[in-house]
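# Reading the structure
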Amino acid sequence: MQMNTPPRSTIRLTRRGRLALIATGAVVAGTAVAVPLLSLDDDEPARPASLVIPEGWRASQVYDAVDKALELPAGATRQSLARAGLKLPNDAEGNPEGYLFPATYPLAEKATPESLLSAMVDTANRNFNKVPIASGAQRNAMNVYQAVTIASIIQAEAATKADMGKVARVVFNRLGRGMPLQMDSTINYALNRSTLRTTADDTRIESPYNSYQRMGLPPTPIDNPGEEAMKAAINPTPGDWLYFVTVKPGDTRFTADYQQHLRNVAEFNALQKSASPQPMTASSQPTTTSPQPTTK
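Residues numbered from 1 in each chain as written. Predicted model: local features only at pLDDT ≥ 70, side-chain atom pairs only at ≥ 80, totals over all residues. Heavy atoms only, no water.

With that settled, the discussion passes to the overall build of the protein. In terms of helices and strands, the protein carries eleven helices and six strands. Counting over 296 residues, the protein shows a buried share of 45%. Taking the intrachain contacts of the protein between residues at least 6 apart in sequence as the baseline, contacts between residues at least 24 apart amount to 65%. (Helix = DSSP H or I, 4+ residues; strand = E, 2+ residues; numbered from the N terminus. Buried < 20%, exposed > 50% of the residue type's maximum accessible area, 1.4 Å probe, protein only. Contact = heavy atoms within 4.5 Å.)

Further remarks concern the pairing of strand S5 (residues 243-248). Of all six residues making up S5, five are buried, and the element is well covered by its neighbours. As paired elements, S5 and strand S6 (residues 251-255) share five bridges and run antiparallel to each other. Note that in S6 the partner of Val245 across the bridge is Arg253. (Pairing = 2+ DSSP bridges.)

Time to look at the pairing of S6. Here S6 lies mainly inside the structure; four of its five residues are buried. The hairpin formed by S5 and S6 contains two residues between the paired strands, and Gly250 there has a positive phi angle of roughly 85°.

Right, let's get into the pattern of salt bridges. Scanning the entire structure with this criterion turns up six salt bridges. In this structure, Glu267 and Arg253 form a salt bridge, with 2.7 Å as the shortest nitrogen-oxygen distance. Of this pair, Glu267 sits in helix H11 (residues 258-275) while Arg253 is found in strand S6, placing the two residues 14 residues apart along the sequence. Owing to a relative accessible area of 32%, Glu267 belongs among the partly exposed residues under this scheme. Under the relative-accessibility criterion, Arg253 is labelled partly exposed at 22%. (Salt bridge = Lys/Arg side-chain N within 4 Å of Asp/Glu carboxyl O.)

Here's what the structure looks like:
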C-alpha cells in the first residue's frame, strides 16, 4: 500500500529508529552535521500489512487473528458475523467454518472484520466452485460442502501431504462400509483442543462431532482446509485401507487388517509411554466403547 510521506515534523519513529539517527551524525570538513530527533515517542508497533491464514486453522483461530491484526477487542470479529453477509452455501447455515480460505490477505487502511471475512469466503468460493472440485465432488456422490468437510478432516489427520490421499481413502472406505469414522480430530474439535491424547471418556461425549458415536460426516467442516486437502478429498488414493496410525514422525501406517492395526497401535503406545512419564491413552488406542480403534 502506497502512502504519501508526511512532513518531517510529523514523522514518528520508534526508539530504535531515534537511536539510529543519533548514531548517524557525521563530521564533514571538520563540521558536525546535526541529525534532528524526529520524534520522542516510545515504541509503537506498526500495523501489519497483511494477514496470513494457515491451512488447518479453525474459525475461532481466524477470528482471534483478525481481532489482533485490526487491534480490536477480543470477540469483535466473531460478533461481526451477523452483519458480514457472507456468501456461504445453504448447508453451512451461516457457519463459515471450512470457508475461511487459507491465504495471505492485505490489510487495507479501512479493513474491517466484515471485509476480511468476506474476502476469505469469496476466495473459498472461487476455489471450491471451480470445475475440477465441483465435478470431483459429484463423481464421488457428494456435494461441494461435503467435500470441504472431508478435506477438513484430511487436513487435521494427515501427517504429511503425501498421506492426504490415503487418509481420504480411509474416510471413503469407512463411509462406504457403514463404519463410524472414529476420527480423533472431530473429538478435538468438539472439545476445542488439539492433542494426540484421546481417552475412552472423550469418545463418550455428547456432541454431533463425536464420530465414535455418530455415523457419517460431522455436521460442518472442522477447520479450514487448503488446496492439497481439497484435491485429496475428491481424488482419494486407491486402496483398501480402513485404519491408520502415525507410529512416529514420518511413519504413518495404513492397513485394512484390524489385527495389524492393533500391533501398530501397540507400537505407538509403547513409544509414547517410553517418551512420557505420564500414563498415555493414545489417539489410536482401541477403546472399550467401540469394536474399532481410533484411526489416528
